[in-house]
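One letter stands for each residue in the lines below.
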Number of protein chains: 6
Amino acid sequence: MSLEKKQLRNIKIEMNYLDNPDGSVLIQMGKTKVICTAMIEDRVPFFLNNQGRGWITAEYSMLPGSTDRRKARDITRGKIDGRSQEIQRLIGRSLRTAVDMSKLGERTIWVDCDVIQADGGTRTAAITGGFMAMVIAINKLFEENKIKTNPILNFIAAVSVGISEDGAILDMCYEEDHKAIVDMNLVMTEEKQFIEIQGTGEERSFTREELDKILDLAEIGIEELIQIQKSELKDLKIFKQ
Amino acid sequence: MSLEKKQLRNIKIEMNYLDNPDGSVLIQMGKTKVICTAMIEDRVPFFLNNQGRGWITAEYSMLPGSTDRRKARDITRGKIDGRSQEIQRLIGRSLRTAVDMSKLGERTIWVDCDVIQADGGTRTAAITGGFMAMVIAINKLFEENKIKTNPILNFIAAVSVGISEDGAILDMCYEEDHKAIVDMNLVMTEEKQFIEIQGTGEERSFTREELDKILDLAEIGIEELIQIQKSELKDLKIFKQ
Amino acid sequence: MSLEKKQLRNIKIEMNYLDNPDGSVLIQMGKTKVICTAMIEDRVPFFLNNQGRGWITAEYSMLPGSTDRRKARDITRGKIDGRSQEIQRLIGRSLRTAVDMSKLGERTIWVDCDVIQADGGTRTAAITGGFMAMVIAINKLFEENKIKTNPILNFIAAVSVGISEDGAILDMCYEEDHKAIVDMNLVMTEEKQFIEIQGTGEERSFTREELDKILDLAEIGIEELIQIQKSELKDLKIFKQ
Amino acid sequence: MSLEKKQLRNIKIEMNYLDNPDGSVLIQMGKTKVICTAMIEDRVPFFLNNQGRGWITAEYSMLPGSTDRRKARDITRGKIDGRSQEIQRLIGRSLRTAVDMSKLGERTIWVDCDVIQADGGTRTAAITGGFMAMVIAINKLFEENKIKTNPILNFIAAVSVGISEDGAILDMCYEEDHKAIVDMNLVMTEEKQFIEIQGTGEERSFTREELDKILDLAEIGIEELIQIQKSELKDLKIFKQ
Amino acid sequence: MSLEKKQLRNIKIEMNYLDNPDGSVLIQMGKTKVICTAMIEDRVPFFLNNQGRGWITAEYSMLPGSTDRRKARDITRGKIDGRSQEIQRLIGRSLRTAVDMSKLGERTIWVDCDVIQADGGTRTAAITGGFMAMVIAINKLFEENKIKTNPILNFIAAVSVGISEDGAILDMCYEEDHKAIVDMNLVMTEEKQFIEIQGTGEERSFTREELDKILDLAEIGIEELIQIQKSELKDLKIFKQ
Amino acid sequence: MSLEKKQLRNIKIEMNYLDNPDGSVLIQMGKTKVICTAMIEDRVPFFLNNQGRGWITAEYSMLPGSTDRRKARDITRGKIDGRSQEIQRLIGRSLRTAVDMSKLGERTIWVDCDVIQADGGTRTAAITGGFMAMVIAINKLFEENKIKTNPILNFIAAVSVGISEDGAILDMCYEEDHKAIVDMNLVMTEEKQFIEIQGTGEERSFTREELDKILDLAEIGIEELIQIQKSELKDLKIFKQ
């Protein structure tokens, strides 16, 4: 495990990519491209009625043409893909930790992450980009005077790290992921604290030492991602109070 | 009905928009944006087994963030949207008329049209762009020597025409469509012949004279669309035999 | 295209065919037989609540034994047949144009069209017969003093016209439909105005001249159908104010 | 329990009611009307492959307009009605006892029972009529020389008997059924032997003496029903060997 | 039919088997084991709103590992097993006859019967055990002063009886059931009156004499079952008023 | 974070709990009870055909009566619970790492984990118990001479660790889990290596130091669990070669 890849792939953010959602970005990490949108609905799920709090929910999907071999639509298969469901639960959980719901009012923010081109790391790109779309939508609420204070608790981003026969790899592309022995996704805050850790020994179990190496690389990646987020979002009114 | 709008909206085609499909375009008509992909599968549906012919099938969907008010995913609602199903049947039927299936071999071409931004005319943009993605995929078969002759019978494109209180309108945007009294979608060939005519008197029934006016405008639009298609696709090897 | 078939097939209407619905007819066009029923429910869909207007909705289905080769039930296949869904949307849309919803009160009229024997033209028979069942149900509302004025705006009927190698054909049976090059369904008013035009070039595209020929035949068919409807319905109290 | 109603309601059989199925009848018992069709498919379910035996399966459904209050379609509700499923399992089981499957060849007979008007006793009418449709279809196999011997083991019919406050009632209509304390459906052979007994104490439990009274009435009803079946079917070639 | 098996299999009841439900038993009849739970919900189905009455509903399922060959879960197959649905309707119907709903208040009792080991007679064990779980839950309502009087009208139990080539058999195990010519399930009260009779001639029809023999055996079985129920439940406060 | 709970809850294993599966255990951790069964099928999923390798798949479900508030069945809700699906993917992935598939032959082992009583840690109990059921089933293959060598690569077990306001807690019960700030599930081998790490900051993000504390406790728990597994399974023939 001497070799390491400590670099994120090329990142490109297209802010306000679509006109209709309250917030949207197209995030590219290498060849992976995800459209992230955030839309605000003026009501909350049943279980939150009359509590004066908001809610954030996420959905994740891949276009049929996003992969090399066509991915059948969920509706054609008659049920949601298990992997997609797991990912959208992860995205929703992560985004909810970043916002003070009591400052949102009785509103739901729907964050949709639709992968249009997949080359590894789609779930982490979805979280990093979904957070940005959500912030833009929240800023819109603020600009329209619908909320009075900034409900965003901290910036979050996500990154994958793997271990292959050659060493640890930050931000794997599909081919690297495919060959990885260990595959880990981390959602972290700007203070390098953990929100989610999901690691799988795909080919073999891994040691605590290897885990430490993974966490070191993740910190490097998260730092760079949050820098990019901050640079793109810095002019939003909500950050200038 | 003195006023007429005889102009298509601004059209922009991004060829080979995605890496993984065999053919892809991003088509924009005004603010409407549709990702069209074509993917080839080396088998045919059950009912065509062992007949030496190919098949073309289409799917159509709108991203949740494509519209002003979030559009719930089919899989969440548990069934395919009736409108979407109708549209994808229309797309498939139209594309199949443009290809000689006996020259495709036992292959299926899957054409996926995913609307990422909707501002009226999504189904007609899907047909016009889906045809282009399909042609690119067929050209790839030809370049790879998997087919020997050009199976494309003619170019096709589609356009909407409406009648409002002010007059007839070519290529309506959402707001115009919303106000239209009559709404018609036409799929036509480069020889100005009809493949599909679908017209609805949304607010009132319409006369044969009004129908004639609509058909005149459709011819204008189709001519321009097919010119654009030809200009974009002219360098494909399949057209240079 | 020298030959033409300008005659509708034999038509037979059995009024009040069933006891339970508010209106019902059994319509036969040639060998095609469709049971059309109309049932009134004293509430409207969610999106129309508290607007003082009514709604009309239609469903269409074919019995398993209606066709030569047994047609599996939708519930067995787990999803509604795409063709059926398209047809029932057409029926509902057409019937709604014929009624002034503001005079119905907050009521829904459910029109069900169940094909018990299919020999071509089931969708057009469903519209022609469904209109009659609906009128009978509306007359019942009137007789029961639940509505004060006649909400029916005009009579409507539907007919199919095709073009085969031998010429144009009015009201095709299954075998004729199967051989048709062009297949068109038209829903029209008693003034010969169009409500819906749906035409498909099944085998080849068609010219504007051929379209004109089709429209001429459709006018002949619609005239005869509406005469029959009027003759059957003339004694209803709602038409005698 | 002094009073008894020992009479079946008026029965009317319309033989060969539809053109497309291999066998069909419209059976009316009082106001209850059921279209019964039988269609032959030249293969058997998976679990019977290569055993040289046939299979019989039944489906039962009610049209939306068959009842006083509109019955939503199964496909709209997204699942098959529990009552319908139970009834179709009963019909299939009953019909299978009446046929020697080893003489059918590897064929499936699909028996469809669609209630177009419901006034009590729809399941028993479906069995009595479904048996007849099935026999007509089997006779067709025989006439076409596809089977050599008569596979029908015995005639079967079904009838309902109830107990109300006034006494026992043979062949209840909907209103009688609604008031019944005990409701029993019996499927029996021409020798008065039982194939199925399904009895429910809807309002209270019932005694063995009451059960005996019910069985006496059932025998009367079954005898009359099988007489009618035999009279209608007597000219079929399969019974004239 | 000289031989008879007049003995129930070994019965074992584990009262209050689980901590969370309001009532629960594990019932074993021979090798058949069913977990029966009863849970109270403080509302009633829509159709009973504001009538001051309660409701009882039952669900039945088999664990994948309960049978010799793994039983796929309903959710995997996408629809509820027809047999399970029929059984749970039977359980619910039976339990409702045993309780005066007007004394329950606007509450629903959910009775769940989950078979963990199947060796014949699972539905009858579910009814016998489900009744006990329900009584424990009702007693809890009484102890908590939520109901003032005992709503239980009578004890009920269920048993299967079959006829094989060797004679009649009470309480068949799977192997006996498999070989049975006639298979009957009976739900009866402590007064030996019938609530449900469901009998099927699986291999051949059966005579009235055979039916009488079956009913004699059922009475023996029901008597023993209700004795066991009473002995287990005798200390509940609701029976000591 | 001064206080720690370093003790697993009471563990009880009932080996060969059910008769029909190839392997089964009832595992109890505190009040949590999970029935784990393993059943062998002599074929593999489509994607593994003709590769000479086996497959292991898992399903997880909770009985309606397992929780305090009744849990609706998946089939009633019409879709599999997102949480259940995520858990069963985790179980399957974990078990597959413990077995050399190439030594299984073309067989699938179905591991079903059905929670009958839930008090926290159901997924980890399911993995620990599911592994044991699987080993018993594999031993049966070995005893029946269907496999020649031991395919088990290592023992695995799973445990949850949480962080509450008072400190770190090993093997949380429901109430502790409910109050936890951080919730982590770990699947590990007998060598203390990781197979899966899934951690969520439910209430707040967590530091790398807290993660280390969690991993320390997990090692303690895993060691004890694998000791128990080994003690229960030590007499299996497969471990005595």
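Residues numbered from 1 in each chain as written. Chains lettered and ligands numbered in written order. Predicted model: local features only at pLDDT ≥ 70, side-chain atom pairs only at ≥ 80, totals over all residues. Heavy atoms only, no water.

**Observations regarding unusual backbone geometry**
For step 1, the next point in the chain: The backbone phi angle of Asn50 of chain D is positive, close to 60 degrees, even though this residue is not glycine.
For step 2, the next point in the chain: Residue position: Asn50 of chain D is located in the loop between β4 (32-41) and β5 (55-62).
For step 3, the next point in the chain: Judged by its relative accessible area of 73%, Asn50 of chain D falls in the exposed class.
For step 4, the next point in the chain: Phi is positive for Asn16 of chain E, which is not a glycine, with a value near 50 degrees.
For step 5, the next point in the chain: Here Asn16 of chain E shows up in the loop between β2 (11-15) and β3 (23-29).
For step 6, the next point in the chain: According to the relative accessible area criterion, Asn16 of chain E is partly exposed, its value standing at 49%. (Helix = DSSP H or I, 4+ residues; strand = E, 2+ residues; numbered from the N terminus. Buried < 20%, exposed > 50% of the residue type's maximum accessible area, 1.4 Å probe, protein only.)

**Topic: the packing of aromatic side chains**
For step 1, the next point in the chain: As enumerated under the stated definition, the model contains 24 aromatic pairs over all chains in all.
For step 2, the next point in the chain: Arranged with centres 5.4 Å apart and planes meeting at 45 degrees, the rings of Phe194 of chain D and Phe206 of chain E form a pair that is tilted. With Phe194 of chain D in strand β10 (residues 194-201) and Phe206 of chain E in the loop between β10 (194-201) and α5 (208-233), the pair connects residues from two separate chains.
For step 3, the next point in the chain: Ring geometry for Phe47 of chain E versus Trp55 of chain E: centroids 5.3 Å apart, planes at 90 degrees, classification edge-to-face.
For step 4, the next point in the chain: Looking at Trp55 of chain E, the relative accessible area reads 23%, which means it is partly exposed.
For step 5, the next point in the chain: Feature note: the residues Phe131, Phe155 and Phe239 of chain A constitute an aromatic cluster, connected by ring pairs.
For step 6, the next point in the chain: In this structure, Lys33 of chain C is placed above the aromatic ring of Tyr17 of chain D, and the distance from its NZ or CZ to the ring centre is 5.4 Å.
For step 7, the next point in the chain: Cation over ring: Lys230 of chain F sits above Phe155 of chain F, and NZ or CZ is 5.0 Å from the ring centre. (Phe/Tyr/Trp six-rings, centres within 6.5 Å; stacked < 30°, edge-to-face > 60°. Lys NZ or Arg CZ within 6 Å of the ring centre and 35° of its normal.)

**Thoughts on the relation of the copies chain F and chain A**
For step 1, the next point in the chain: Under the fitted operation, chain F is carried onto chain A by 0.0 Å of movement along the axis and a turn of 180 degrees, and the coordinates agree to an RMSD of 0.0 Å. The symmetry that links the two subunits is that of a two-fold axis. Within chain F, Gln198 of chain F has its C-alpha nearest the rotation axis, a separation of 2.3 Å.
For step 2, the next point in the chain: With an isologous cut-off of 70% or more, the 100% of interface residues of chain F that recur at the interface of chain A puts this contact in the isologous class. (Least-squares fit on C-alpha atoms with pLDDT ≥ 70 in both. Contact = heavy atoms within 4.5 Å.)

**Some points on the arrangement of the chains**
For step 1, the next point in the chain: At the level of C-alpha atoms, the two units chain A and chain D stay apart, their nearest approach being 12 Å.
For step 2, the next point in the chain: If you take every C-alpha in chain B and every C-alpha in chain D, the smallest gap between them is 9 Å, and the two do not touch.

**Regarding the relation of the copies chain B and chain A**
For step 1, the next point in the chain: Rotating chain B by 180 degrees and translating it 0.0 Å along the rotation axis places it on chain A, where the RMSD comes to 0.0 Å.
For step 2, the next point in the chain: Counting the interface residues of chain B, we find that 100% of their copies in chain A are interface residues as well, pointing to one common contact surface.

**Details of the interface of chain B and chain A**
For step 1, the next point in the chain: Counting residues at the interface gives 34 residues for chain B and 34 residues for chain A.
For step 2, the next point in the chain: Buried surface at the junction of chain B and chain A, summed over both partners, amounts to about 2700 Å²; 51% is from carbon and sulfur atoms.
For step 3, the next point in the chain: Considering only the surface of chain B that becomes buried against chain A, Asn20, Arg70 and Ile75 of chain B emerge as the three largest contributors, covering 23% of it.
For step 4, the next point in the chain: Counting every contact that joins chain B to chain A gives 12 salt bridges.
For step 5, the next point in the chain: In this structure, Arg73 of chain A and Asp112 of chain B form a salt bridge, with 2.8 Å as the shortest nitrogen-oxygen distance. (Buried area = accessible area lost by both parts, 1.4 Å probe. Salt bridge = Lys/Arg side-chain N within 4 Å of Asp/Glu carboxyl O.)

**Brief notes about the side chain of Thr128 of chain D**
For step 1, the next point in the chain: In this fold, Thr128 of chain D is placed in helix α3 (residues 122-143).
For step 2, the next point in the chain: Overall, Thr128 of chain D belongs to the buried group, its relative accessible area being 2%.

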